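# Coordinates in review
The residues making up each chain are set out below.
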Amino acid sequence: MKYLCIVYAGGGEGTPGPDEEIAIKDGCIEQDHALFQAGKLVLASPLQGPETAVGLRYRNGVASRTDGPYVETKECIAGFMVIEAADIEEAVAIASEGPLEGMADLEIRPLLDERHSRTGMDRSFFFARGAR
């Protein structure tokens, strides 16, 4: 089963210095490669800062756009991983390892496996492309 792990930054203990930032980045890249090689990681990426975001709301047939973060908070979504795991406990164990301890909070949620009501199509083909 696939799980989305959302990485929230800004709520941890203090701000890392430049050397620590490099060590965290390098550790995350090393972890991503190891998990991918082990068949436990489908996709992972850090995100640019919230100041680069665009908020989009669609109401009553009208789309409205807001540049930058919509709400001022200390925490922001800093990245994500799509994890392959047998169950939520394995997903938690996978996400708990690594260089983000004390620097980020994680939210892990199972992906929803839906099928089209008439055609039976699902979204699994998206993941099959990355495996080729």
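Residues numbered from 1 in each chain as written. Predicted model: local features only at pLDDT ≥ 70, side-chain atom pairs only at ≥ 80, totals over all residues. Heavy atoms only, no water.

## Observations concerning the pattern of salt bridges
Pairing of side chains with opposite charge becomes possible as their charged atoms draw close. Summed over the entire model, instances satisfying the criterion amount to six salt bridges. A salt bridge links lysine 25 to aspartate 26; the nearest nitrogen and oxygen atoms lie 3.6 Å apart. Linking aspartate 122 and arginine 115 is a salt bridge whose minimum nitrogen-to-oxygen distance equals 3.4 Å. Residue aspartate 122 is classed as buried on the basis of its relative accessible area, which comes to 16%. Arginine 115 gets classed as exposed once you look at its relative accessible area, which sits at 56%. (Salt bridge = Lys/Arg side-chain N within 4 Å of Asp/Glu carboxyl O. Buried < 20%, exposed > 50% of the residue type's maximum accessible area, 1.4 Å probe, protein only.)

## Here we look at the sheet that holds strand 2 (residues 41-46)
Taken in spatial order, the four strands make up an open sheet running 2-5-1-6, and their pairing is antiparallel. Pairing within the sheet leaves two strands with one partner each, and these edge strands are strand 2 and strand 6 (104-110). Each strand of the sheet is rotated relative to its neighbour by a mean of 20 degrees, with strand direction disregarded. Strand direction decides the pairing type here: strand 1 (residues 2-9) and strand 6, joined by seven bridges, are antiparallel. Looking at the pairing, tyrosine 3 lines up with proline 110 of strand 6. Contacts from helix 1 (residues 18-37) reach strand 2 and strand 5 (76-84), with the element oriented near 165 degrees to strand 2. (Pairing = 2+ DSSP bridges. Helix = DSSP H or I, 4+ residues; strand = E, 2+ residues; numbered from the N terminus. Axes fitted to C-alpha atoms, helices over the stretch in contact; angles between N-to-C directions. Contact = heavy atoms within 4.5 Å.)

## Examining the nonpolar core
Counting residues in each nonpolar core, the largest one holds 10 residues, listed as Tyr3, Cys5, Leu35, Leu41, Met81, Ile83, Ala85, Ala91, Ile94 and Ala95. Mapped by element, the contributors of at least two residues to this core are strand 1, strand 5 and helix 2 (88-96). It is helix 2 that contributes the most residues to this core, three residues altogether. With residues near it in sequence (within four places) discarded, methionine 81 still touches Tyr3, Leu4, Cys5, Asp32, Leu41, Leu43, Ala44 and Ala95. (Core = buried A, V, L, I, M, F, W, Y, C linked by side-chain atoms within 4.5 Å.)

## Let's talk about helix 1
Across its 20 residues, helix 1 extends 29 Å between first and last C-alpha, which sits within 8% of the 28 Å expected from 1.5 Å per residue. Looking only at helix 1, the buried set comprises Ile24, Gly27, Cys28, Gln31 and Leu35. All buried residues of helix 1 project into a common sector of 105 degrees when viewed along the axis, lining one side. Exposed residues pointing more than 90 degrees away from the buried face of helix 1 are listed as Pro18, Asp19, Glu30, His33 and Gln37. Where helix 1 is buried, its residues touch strand 2 and helix 2. After helix 1 finishes, the residue glycine 39 shows a positive phi value of roughly 80 degrees. (Expected span 1.5 Å × (residues − 1). Arc of directions from axis to C-beta.)

## Description of the side chain of aspartate 122
Within the element layout of this structure, aspartate 122 appears in the loop between strand 6 and helix 3 (124-130). In terms of polar contacts, aspartate 122 uses its side chain to reach the side chain of arginine 115, at 3.4 Å. Excluding residues within four positions of it along the chain, aspartate 122 makes contact with Asp113, Glu114 and Arg115. (Polar contact = N/O pair within 3.5 Å; in protein donor to acceptor, adjacent residues only side chain to side chain.)

## Observations regarding the confidence of the model for the protein chain
A low pLDDT means the predicted coordinates there should not be read in detail. In the predicted model, the protein chain carries a mean pLDDT of 86, and the fraction of residues at 70 or more is 88%. Within the protein chain, no element has a lower average pLDDT than helix 3, which sits at 62, and none a higher one than helix 2, at 95. (pLDDT = per-residue confidence, 0-100.)

## Concerning the side chain of glutamine 31
Following the sequence through the fold, glutamine 31 ends up in helix 1. Among residues more than four places away in sequence, those in contact with glutamine 31 are Ile94, Glu97, Gly98 and Pro99.

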